[in-house]
Amino acid sequence: MPEAAFLYGVRRGLTLWYTAVLVVTLAILGGLLYYSAHRELFTRPVVLMARGQAEFVARDWQQFPATPCQPPAPLNLPASRDAQAIPRPRVRVPIYLACLDQDGDLLAATIIPGADIGRPPDAFLTATLVPEVLRTGEAEDQVEVEDLGPVYRFARIVTAPDAPGILGIVMVGRPITEQVRALALLRNLLLLTGGLSVLIATVGGVFLTNRALQPARDAFARQQSFIADASHELRTPLTLIRANAEVLLRGGLDPRDTALVEDIVAETTHVDHLTSSLLTLARLDANRFHLDTDAVDLSAVASNAVRRLGRLAGEKGLTVTEQLTPRLIVLGDAEALEQVVLILLDNAIRYTPAGGTVTVRTAPKDGEAEVGVQDTGIGIPAEHLPHLGERFYRVDKARSREAGGAGLGLAIAFRIVEAHSGSIRIESAPGRGSSAIL
């Protein structure tokens, strides 16, 4: 994996983890804060008050069935632990009372602290809660009152004290505009501060990960520089060694020495190829691999690659066929793209037994150009496919070494294709050949 992609992936991963941890923490803390505020602003002063008031009115109704919804003053709440904690209603926030029969018809209605305030609003007196109350015994909801805002309602059944049956339904309510506004303000503030915190954390995370990864970036740069310099320095002595060995071979040697010199030539050729590959990869990683982008006939590139390796295929007894779409024009570097096709075609020839077939094709697909190299070779097991393109990775190390491979060809091909904003897909199965598509 090149330096830029590796460091970008690490930086993005760290930033996402930092941000995710912060989001979860803020969500938990914000949820606890909102729950606490909801309990103090709504549950205790509104819900528990309404339930306590309904309990008192229900008991009063059971004692005086003829005069429902007529609580005396001052209001005496039931002596339960929850009811004792209910704050008494303030004069400035009226409490609405209504008593209904089983059909939802209004029997009586009043307002605490006094009837002189007027009759409860019509929206409060609607019987929409009656079906649920008759089914479950109690119910609650919120209704919108014009010029007043939301009103919380709680209703419960009032049973007859001495005989089975229902006296009616008592309904208690109070305006909750202040609570709704306060909770909405708190919610908006939590969302705003949470969003700003996540934004700041993301920007800060990018900055911190950049600072933290600077040593790794420097190490990558030194590594690439070393590989490039070492590869460049090794090429000159290797070239001289091979040239001198070839001169000795042409000049004539004792038959006992000829095999040794031939080994020198073969090994220097192998190492020279390895150093050239390392130098190419170092340049690709450092974005110093120059691409001469121009209009390129991809079919001509593929045909030229087949011509250059046709002799090698013939020596192995292979048949190379071409299925090329004429004038398949793309933007790219003709020399680099030909190197990719050569690498794929060379692999296909190396790992296809004598008598096999290698097919090279080009075709347009979904508005883009596609090159495929397919063989009838030995194939690749499925567990190795995800690792193809990794440096020095070889499916069969012994066989690859005998064939002259170093495990860098596909790595170079993948990087060149990535530099052209493309990708390589390899499909294969043991005994069924392989197909590389780019």
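Please refer to the structure higher up on the page.
Heads up: these notes are all about the structure in this document. (Residues numbered from 1 in each chain as written. Predicted model: local features only at pLDDT ≥ 70, side-chain atom pairs only at ≥ 80, totals over all residues. Heavy atoms only, no water.)

**Thoughts on unusual backbone geometry**
Residues apart from glycine generally show negative phi values, whereas peptide bonds are mostly found in trans. Filter applied, for reference: Each helix corresponds to a stretch of at least 4 residues labelled H or I by DSSP, and each strand to a stretch of at least 2 residues labelled E; elements are numbered beginning at the N terminus.
Positive phi, normally seen in glycine, also occurs at Asp-366, with a value near 55°. Mapped onto the elements of the fold, Asp-366 is located in the loop between β9 (357-365) and β10 (368-375). Its identity is not glycine, yet Ser-421 carries a phi of approximately 60°, on the positive side. Residue placement: Ser-421 occurs in the loop between α10 (409-419) and β11 (425-428).

**A word on helix α8 (residues 334-350)**
Where we set the bar: A helix is expected to reach a length of 1.5 Å times the quantity of its residues less one. Only protein chains enter the area calculation, which uses a 1.4 Å probe; residues under 20% of their type maximum are buried, those over 50% are exposed, and those in between are partly exposed. Contacts were defined at the residue level, with two residues in contact if any of their heavy atoms lie within 4.5 Å.
Spanning 17 residues, α8 covers 24 Å between terminal C-alpha atoms, matching the ideal 24 Å at 1.5 Å per step. Extensive coverage of α8 is indicated by the burial of 12 of its 17 residues. All buried positions along α8 are accounted for by Ala-336, Leu-337, Glu-338, Val-340, Val-341, Leu-342, Ile-343, Leu-344, Leu-345, Asp-346, Ala-348 and Ile-349. Next to the buried residues of α8 lie α7 (298-315), β8 (329-332), β9, β10, α10 and β12 (434-437).

**A short note on the layout of surface pockets**
The criterion, for reference: Only protein atoms enter the 1 Å grid, on which a cavity is a set of points fitting a 1.4 Å probe that cannot get out and a pocket is an open set with protein on both sides within 12 Å along at least 5 of 7 lines, lining residues being those with an atom within 4 Å of a point. Grid points are joined across faces, edges and corners, and a volume is the space filled by probe spheres set on the points. Note that Gly is not counted as nonpolar here; it falls among the polar residues with everything else outside the nonpolar set of Ala, Val, Leu, Ile, Met, Phe, Trp, Tyr, Cys and Pro and the charged set of Asp, Glu, Lys and Arg.
What the second largest pocket holds in volume is close to 460 Å³. Lining the second largest pocket are 16 residues, with Glu-368, Ala-369, Gly-422, Ser-423 and Leu-438 sitting closest to its centre. Put simply, the parts of the chain that give the lining of the second largest pocket at least two residues each are β8 and β10. At three residues, β10 tops the list of elements feeding residues into the lining of the second largest pocket. Residues of the lining of the second largest pocket, tallied by class, amount to eight nonpolar, four polar and four charged.

**A word on the packing of aromatic side chains**
We apply this condition: In this scheme Phe, Tyr and Trp rings, the latter by its six-membered ring, pair at centre separations within 6.5 Å, and the angle between planes marks the pair as stacked below 30 degrees, edge-to-face above 60, and tilted otherwise.
Summed over all chains, the structure comprises two aromatic pairs. Taken together, a centroid distance of 5.6 Å and an interplanar angle of 85° make the contact between Phe-42 and Tyr-152 edge-to-face. Taken together, the positions of Phe-42 in helix α1 (residues 3-63) and Tyr-152 in strand β4 (residues 149-159) put the pair 110 residues apart, joining distant regions of the chain. The residues Phe-42 and Tyr-152 share a single accessibility class, namely buried. Judged by centre distance (5.4 Å) and plane angle (55°), the rings of Tyr-96 and Phe-124 are tilted.

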